[in-house]
Amino acid sequence: MAHDNKVVRLSGQKPVGPFSLPPTLIRLRDVSGQSLKSVLGSFFEQADDSLFALSDRAGSNQDQAAYFDAMRELRLRRKSIAVSMLQYVSQAFNDFGRFKPLRSGSSLEEVDQDSLSLVDHSELEQQVAIDNLLNRLRNRYQEPVQMLAARVRHLMPDVQFSDDQMPLSPEVICGAIAEACADLDIDIRAKLVVLKLFERLLVDKLGEFYEQANKTLIAEGVLPDMRRVPAAGSAGATKRRPAGPAGTSEPPEHPSGPQAPFTASAGASSFPTFSELSALLHQGESSSSGMSLPAGAVTLDTVDLMARLSNLQNSLPPVSDATVVPLRQQIVAVLQQPDGQKASLGQVDGDVINLVSMLFDFILEDRQLHPVMKALIGRLQIPVLKVALKDRNFFNRGGHPVRKLLNEMALSAIGWAEKRQGMRDPLREKIEEVVDRVLNEFTDNVGLFDELLKDFGHFMDLDRRRRELVEQRLRDAEEGRARQERASQAANNLIQEETAGRDIPAAVMQILSEPWTRYLQWVVLRQGEASPQWQSACAVTERLIWSVDPRPVSDETRSELLRVIPEVVEDLRSALQEISWDPFSTDAAIRDLELAHVDVFQKLVTAPVSDAGKAPEDHAMAEEELDQPEQMLAPPEPQVDAGAPEQVAQPEIEPVAAESVQSDAQPATEEPVAVEETPSAPVVAAEWLARADQLRVGSWIEMVRDDTRVRCKLAAFIKATGKYIFVNRSGAKVAEYHRDDLAVALQDGGITLLDDGLIFDRALESIIDNLRHSRKD
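A short tour of the structure in this document, coming up. (Residues numbered from 1 in each chain as written. Predicted model: local features only at pLDDT ≥ 70, side-chain atom pairs only at ≥ 80, totals over all residues. Heavy atoms only, no water.)

1. So, the packing of helix α17 (residues 506–527) against helix α19 (residues 557–578)
Thinking step 1. Running from amino to carboxyl end, α17 crosses α19 at an angle of 65°, the nearest separation of the two axes being 10 Å. Pair α17 / α19 crosses with left-handed handedness. On α19, the residues touching Ile511, Pro515, Trp516, Tyr519 and Trp522 of α17 are Leu572, Ala575, Leu576 and Glu578.
Thinking step 2. The residue inventory of the contact of α17 with α19, partitioned by class, reads eight nonpolar, no polar and one charged. (Axes fitted to C-alpha atoms, helices over the stretch in contact; angles between N-to-C directions. Helix = DSSP H or I, 4+ residues; strand = E, 2+ residues; numbered from the N terminus. Left-handed = near helix turned anticlockwise from the far one by under 90°. Contact = heavy atoms within 4.5 Å. Nonpolar A, V, L, I, M, F, W, Y, C, P; charged D, E, K, R; others polar.)

2. Some points on the pattern of salt bridges
Thinking step 1. Per the counting criterion, the structure on display carries 46 salt bridges.
Thinking step 2. Glu408 is the salt-bridge partner of Arg27, the closest N and O atoms lying 3.4 Å from each other. Of this pair, Arg27 sits in helix α2 (residues 23–56) while Glu408 sits in helix α14 (residues 401–412), and the two are 381 residues apart along the sequence. Comparing Arg27 with Glu408, the two get one shared label, buried.
Thinking step 3. Note that Asp463 and Arg466 form a salt bridge whose closest N and O atoms lie 3.2 Å from each other. Separated by three residues within a single helix, Asp463 and Arg466 lie in helix α16 (residues 447–499), roughly one turn from each other.
Thinking step 4. Among the residues examined, Asp463 registers a relative accessible area of 11% and is labelled buried.
Thinking step 5. Since its relative accessible area comes to 39%, Arg466 is described here as partly exposed.
Thinking step 6. What emerges from the salt-bridge pattern is a single network uniting Arg27, Glu220, Glu408, Asp461, Arg464 and Glu468. (Salt bridge = Lys/Arg side-chain N within 4 Å of Asp/Glu carboxyl O. Buried < 20%, exposed > 50% of the residue type's maximum accessible area, 1.4 Å probe, protein only.)

3. So, the sheet that holds strand β5 (residues 723–727)
Thinking step 1. Spatially, β6-β5-β4-β3-β7 is the arrangement adopted by the five strands of the open sheet, whose pairing is antiparallel. Each having just a single partner strand, β6 (733–738) and β7 (751–753) make up the two edges of the open sheet. Neighbour to neighbour, the strand axes of the sheet diverge by 35° on average, direction disregarded.
Thinking step 2. Along the sheet face, α16 touches β4 (708–718), β5 and β6 and points at about 65° away from the line of β4.
Thinking step 3. On the sheet, helix α27 (residues 739–748) packs against β5, β6 and β7 and is oriented at approximately 105° with respect to β6. (Pairing = 2+ DSSP bridges.)

4. Points about the pairing of β6
Thinking step 1. In terms of strand pairing, β5 meets β6 through five bridges, oriented antiparallel. Residue pairing in the sheet places Tyr724 in a bridge with Tyr737 of β6.
Thinking step 2. What sits between β5 and β6 in their antiparallel hairpin is a turn of five residues, with Gly731 showing a positive phi close to 95°.

In short, the description is geometric, and any link to function would need to be established separately.
Okay, structure coming up:
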């Protein structure tokens with residue numbers, strides 16, 4: 001029955017033909033898939049605890065059995081459920097516009113009366129549970145889902161689809177859940193528990209999922225200024241406006257005075273229309289910067305101008321020496337008449353040329369791009385100008401394919417560095433291919449840019465996945481190295497603390513520094529420093545060291561050694577076996593330890609004889625007056641200090657004493673050095689430390705190394721060691737910094753942050769800001 005149910009829901013969902021998704025929708029599919037995978041992982045982790053709690057409070061054995069059955073099935077099918085849901089959502093993207101998701105509460109008009117039949121009670125209960133989940137999702141996330149649907153419609157204006165066919169709609173999510181749960185091998189009671197668990201736990205986790213989906217499209221420039229759900233009657237607001245007189249889609253006029261509704265600080269979320277830019281251009285620009293000529297000159301109309309620009313585009317020479325001719329200089333040749341006079345332009349065409357010239361002036365002066373990449377992108381000045389002349393929405397439409405292609409190429413080139421002679425450079429070759437195709441194939445078909453954007457996006461996706469794989473391996477290696485360093489530090493600190501001031505035989509010191517240190521590191525890596533295993537290892541370390549240098553010595557030391565030594569030997573043998581230490585080396589270490597223990601017993605036999613002869617009266621008084629073990633520990637201390645062990649340890653102590661004497665005798669020479677070095681580290685201003693803290697993974701920087709500038713990206717921040725790991729565009733490690741060192745480099749200018757924002761949007765912001773300032777002046 002579960003199989004029949006699945007077949008009914010999936011009927012009509014097979015693709016009817018090839019369908020190409022735009023790159024932005026593909027990116028939304030990939031990002032939302034990763035986000036949903038994370039949400040499901042969190043759900044499954046919480047589901048176990050919730051089912052345990054429910055089973056404890058179960059009112060009957062049947063209920064408790066249902067909870068345990070659900071728990072067992074979720075554990076066994078966790079991976080298959082997640083894969084099934086992700087495939088279902090991916091199918092909703094791939095069959096966009098044709099996919100038929102789950103629907104609830106069908107009206108009578110939608111019912112096929114020929115197929116009416118009695119519904120099984122268990123199937124009805126499942127449908128009710130799914131409907132409850134669907135209604136809760138609809139009510140909870142109505143606004144973000146509608147905003148997401150509006151953005152998807154803006155991306156796909158030619159495809160008709162209902163809200164429930166939007167690939168991330170509640171209907172699709174609930175359909176994915178129903179599809180995944182249909183094959184669970186449990187009875188209806190346990191299956192309803194699972195569905196109810198989705199309703200209780202998953203719904204609360206989807207808020208960030210929908211927020212991330214909207215942010216993904218905003219980052220791609222899809223309706224970034226939409227702040228509320230569009231009204232029902234304004235569906236056309238996201239589509240193109242009617243064409244203007246010259247075949248262009250002219251936007252309505254907007255105020256352009258001091259109260260104009262845009263500012264340079266508004267960012268990419270709100271750009272002015274061409275009419276607003278034109279009005280601001282005339283208010284802020286001097287008459288000498290215009291493109292018009294005195295009255296009486298021949299005026300070129302838009303059609304003639306486009307024809308001349310096409311001829312200029314076809315005659316552009318190949319790029320050389322990373323030099324680019326500014327657009328204004330190229331336009332001078334376009335305006336030259338056969339009789340030697342210069343033609344003039346209409347105001348609208350002149351404004352478009354001025355704005356496009358300013359845009360490319362910013363791009364060609366942008367320090368974020370390598371000169372070679374500037375030269376390649378600069379060859380697109382004429383084609384971009386033709387697009388702007390044809391479509392005035394080019395300036396305020398964030399999702400315009402030309403804008404997006406420029407942004408993608410500039411973003412991909414931010415970390416690019418020129419290869420050595422003879423080495424292949426796939427990115428440069430791809431960008432050259434895109435530029436050549438635009439120059440050779442573009443006339444007035446803007447669809448070419450859609451095709452190139454999709455192709456370039458596919459290339460960058462493959463390149464990004466390759467780099468992410470390399471960077472992930474680097475992160476894993478660095479995190480493993482950090483854990484190893486931390487474990488090594490913990491082991492060394494423990495041994496140094498326990499051996500400080502003690503006379504340890506060389507053979508035992510070798511055991512401590514090699515196999516035993518390796519065992520301590522293994523415990524830290526496997527169990528952690530807060531684990532009982534680590535505490536036990538610390539105790540064994542303490543007993544082992546005491547067994548070869550039992551200080552302070554008392555009358556009970558010998559008997560205590562006889563009790564402790566077998567335990568120490570057995571603990572050492574078990575520990576080395578646990579880390580698979582070489583058996584022959586283990587036997588040798590045990591023999592060395594036993595020989596050290598024999599030496600300890602011999603010293604205990606001889607030392608009391610010499611000590612007893614020195615102060616027999618004191619021992620007799622101690623035995624008569626104080627018969628407590630604590631009091632018996634005090635007399636041996638001066639005996640041990642005067643005995644042989646101190647003579648062995650004395651050479652280690654004497655240099656320390658000598659140093660202390662020197663420091664007392666020369667305080668003026670030692671202390672100033674320390675005072676000079678310690679303040680040098682915290683000289684960094686708080687703002688630079690804050691900038692180091694705010695540096696996010698993926699941020700690009702430029703550093704100076706050996707008088708050359710190197711561009712690299714923050715690939716990872718290793719919390720265990722506080723290291724920032726930087727890689728080049730190929731994913732190879734370039735440098736690593738600790739927080740304070742990074743802040744010092746930022747403050748001194750050795751490292752500068754690169755702006756990896758959308759270059760077209762940054763250029764437009766700069767133009768608006770400059771025009772507003774020039775108007776005020």
